[in-house]
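Residue strings, one per chain:
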Amino acid sequence: QVQLVESGGGLVQSGGSLRVSCAVSGFTFTTFAMSWHRQAPGKERELVAGITSSGHSRNYADSVKGRFTISRDNVKNTVYLQMNSLKPEDTALYYCKAFDARRDMAYWGKGTLVTVSS
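First things first, this report covers the structure right here in the doc. Since this is a predicted model, take the numbers as computed values, not measurements.

## Description of the overall build of the protein chain
In terms of regular secondary structure, the protein chain is built from 0 helices and 11 strands. Across the protein chain, helices and strands are ordered from the amino to the carboxyl terminus as β-β-β-β-β-β-β-β-β-β-β. Taken over C-alpha atoms, the radius of gyration comes to 14 Å for the protein chain, in line with the 13 Å a tight globule of 118 residues would show. Here the C-alpha coordinates of the protein chain stretch approximately 40 × 25 × 25 Å along the principal axes. Counting across all 118 residues of the protein chain, residues that qualify as buried make up 41%. Put simply, of all contacts in the protein chain between residues at least 6 apart along the chain, 54% involve residues at least 24 apart. With an accessible surface of roughly 6400 Å², the protein chain has 48% of that area assigned to carbon and sulfur atoms.

Below, the structure written as structure tokens:
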């Protein structure tokens, strides 16, 4: 059974830091690229950061470059998003996604809520 379980969300003050995690099971983690997405109230879901299956390459949305860092632990089957210098506009439900482009397969977690107060 495929599972992606996000955790680590919460309430933090503007300028603070938070790390969210996504633990996966039910598929071969090391063959999937991983990404974090977020959706704020009334807005579309957007890509925040991505990392290749090997972890050697990463990409970020312009809005989070220099503040957020995506990483993965291929032993623990977990992907992380370290968020620093948080802003109120970072408030959103954060989702992790696993995808394998060659086999056209994708899985989503249910999200963890991050709220940044001003």
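Structure's up, so let's keep going.
## Some thoughts on the state of the cysteines
Here a disulfide denotes a covalent bond joining the sulfur atom of one cysteine to the sulfur atom of another. Summed over the entire model, instances satisfying the criterion amount to 1 disulfide. There is a disulfide in this structure between Cys22 and Cys96, and the S-S distance comes to 1.9 Å. Taken together, the residues span a long stretch of sequence, with Cys22 in strand β3 (residues 18-25) and Cys96 in strand β9 (residues 92-100) at a distance of 74 residues. Accessibility classification places Cys22 together with Cys96 in one group, the buried group.

## Describing the sheet that holds strand β1 (residues 3-7)
Taken in spatial order, the 4 strands of this open sheet run β1-β3-β8-β7, and their pairing is antiparallel. The strands lining the two open edges of the sheet, one partner per strand, are β1 and β7 (68-73). If you compare each strand with its neighbour and ignore which way they point, the axes differ by 15 degrees on average. Where β3 lies against strand β8 (residues 78-83), 6 bridges are found, and the strand directions are antiparallel. Paired with Arg19 across the two strands is Gln82, which belongs to β8.

## Considerations on the side chain of Lys97
Structurally, Lys97 is set in strand β9. Buried and unpaired, Lys97 has Asp104 as its nearest opposite-charge partner, separated by 8.4 Å. Those residues in contact with Lys97 that sit more than four places away from it in its chain are Leu4, Ala33, Met34, Ser35, His37, Ala106, Tyr107 and Trp108.

## Focus on the pattern of salt bridges
Summed over the entire model, instances satisfying the criterion amount to 5 salt bridges. Its salt-bridge partner being Glu46, residue Arg38 comes within 2.7 Å of it at the nearest N-O pair. Assessed through its relative accessible area of 6%, Arg38 is described here as buried. Connected through shared salt-bridge partners, Arg38, Glu46, Arg67 and Asp90 make up one network.

Conventions we followed
- Residues numbered from 1 in each chain as written.
- Predicted model: local features only at pLDDT ≥ 70, side-chain atom pairs only at ≥ 80, totals over all residues.
- Heavy atoms only, no water.
- Helix = DSSP H or I, 4+ residues; strand = E, 2+ residues; numbered from the N terminus.
- Rg over C-alpha atoms; globule rule 2.2 N^0.38 Å.
- Buried < 20%, exposed > 50% of the residue type's maximum accessible area, 1.4 Å probe, protein only.
- Contact = heavy atoms within 4.5 Å.
- Areas by Shrake-Rupley, 256 points an atom, 1.4 Å probe, with all protein chains shown as cover.
- Disulfide = S-S within 2.5 Å.
- Pairing = 2+ DSSP bridges.
- Axes fitted to C-alpha atoms, helices over the stretch in contact; angles between N-to-C directions.
- Lys, Arg positive; Asp, Glu negative; His and termini not counted.
- Salt bridge = Lys/Arg side-chain N within 4 Å of Asp/Glu carboxyl O.

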